[in-house]
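Residue-level listing of the chains:
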Amino acid sequence: MRISGLLVLAGVTVTLLTVGGCAGSDARGPRSSAVPGQFPRPAAAGDVLAQATVLQKDGEAPQLCLGAVAQSLPPQCDGPPILGWDWATVDQSETQSGVTWGSYAVTGTWGAAAFTVTQPPIPLSLYDPLAQIDPRLDEATPGPTEESTLLRLQDELNAAEYSPATASDWSEMPILSNWTQNGYLWISVIYDDGSIQRFFDDQWGAGVVAVQSALTDAE
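Residue numbers run consecutively from 1 along every chain, following the written order of its sequence. Predicted model: local features are reported for residues with pLDDT of at least 70 only, side-chain atom pairs are reported and counted for 80 or more only, and whole-chain, interface and lining totals are derived from all residues. Excluding hydrogens and water, the side-chain figures rest on all heavy atoms present in the structure.

Caption draft 1: Up close: the pairing of strand E3 (residues 48-57). Only protein chains enter the accessibility calculation, which uses a 1.4 Å probe. A residue is then buried if its area is under 20% of the maximum for its type, exposed if over 50%, and partly exposed in between. Under the scheme used here, helices are H or I runs from DSSP no shorter than 4 residues and strands are E runs no shorter than 2 residues, and both carry numbers assigned from the N terminus. When you tally the buried positions in E3, you get seven out of ten residues, the bulk of the element. Whether two strands pair depends on DSSP finding at least two bridges between them. Note: E3 against strand E7 (residues 99-110), ten bridges, orientation antiparallel. For Gln56, the partnering residue across the bridge sits in E7 and is Thr100. As defined by bridge partners, E3 adjoins strand E14 (residues 216-217) across two bridges and the pair is classed as antiparallel. Bridging across to E14, Val48 finds its partner in Asp217. Here E3 pairs with strand E4 (residues 63-65) via three bridges, running antiparallel. Paired with Val54 across the bridge in E4 is Leu64. What sits between E3 and E4 in their antiparallel hairpin is a turn of five residues, with Gly59 showing a positive phi close to 85 degrees.

Function cannot be read off these values alone, since they describe shape.
And the structure:
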C-alpha cells in the first residue's frame, strides 16, 4: 500500500494539479476533462462531527487539524479555523511552548472554509461512538481495479492542481491524503456531501475511487 497526501504541517507547501489523461487499459478511462475549478468544495447543509486535534499557537486563531498531526511536543498540525472555540470551556487540554492543544469530538457547521462549534466539545478519551466500518475495506470483496492502475491514477492525482501552494484558504484545500488499499484509490477529504465521490466516478468510473470524509454528518 502506497500512501501519499498533504502533510498539513505549518510551513509545508503542497501542489496538486489537474487529473486527466488515460487511466490505462485495465481501468475505466475518464469520461470528462477535469480542471481545478470544477472540483467540488461543498459546505455542509447541517451539523457535522469532527474527531480531531484542536491546536492554537499564541497570537493565532485555533485550528481544527483534520489531516496529519506530527507527534512532537508540542504537536504540529494545520487545518481550517474553528470558530466559537473557548479553551476555558473544555477539559483535557495541554499547553507547552506557546501552543495549546487537545483531542475532541466536536459538533458544528462546515461552511467550506471554516468550522463553527455548535455544541459543547467532548474529549476523545470520553467519546464512545458506534463503530462504523466502511464495507469497501472488506477484504472478502475487494475493489475491481488492478493495483498497477490504482498507482498510476494516484500519480495522476498527485500531479494535479486541486490545492494552492499554501493552506491559507481551506476552501481550496479539500484533499488531505490518498492511498491504495483493497482494490481502491482512497482519497481523504475535509467534507463530502457525495459530490466529490461523483466527481471521481465521472473521471475514472464507479468503483475505482473511495472518498473518505473527515467531517461526517451529525445524527
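That covers the picture; the talk isn't over yet.
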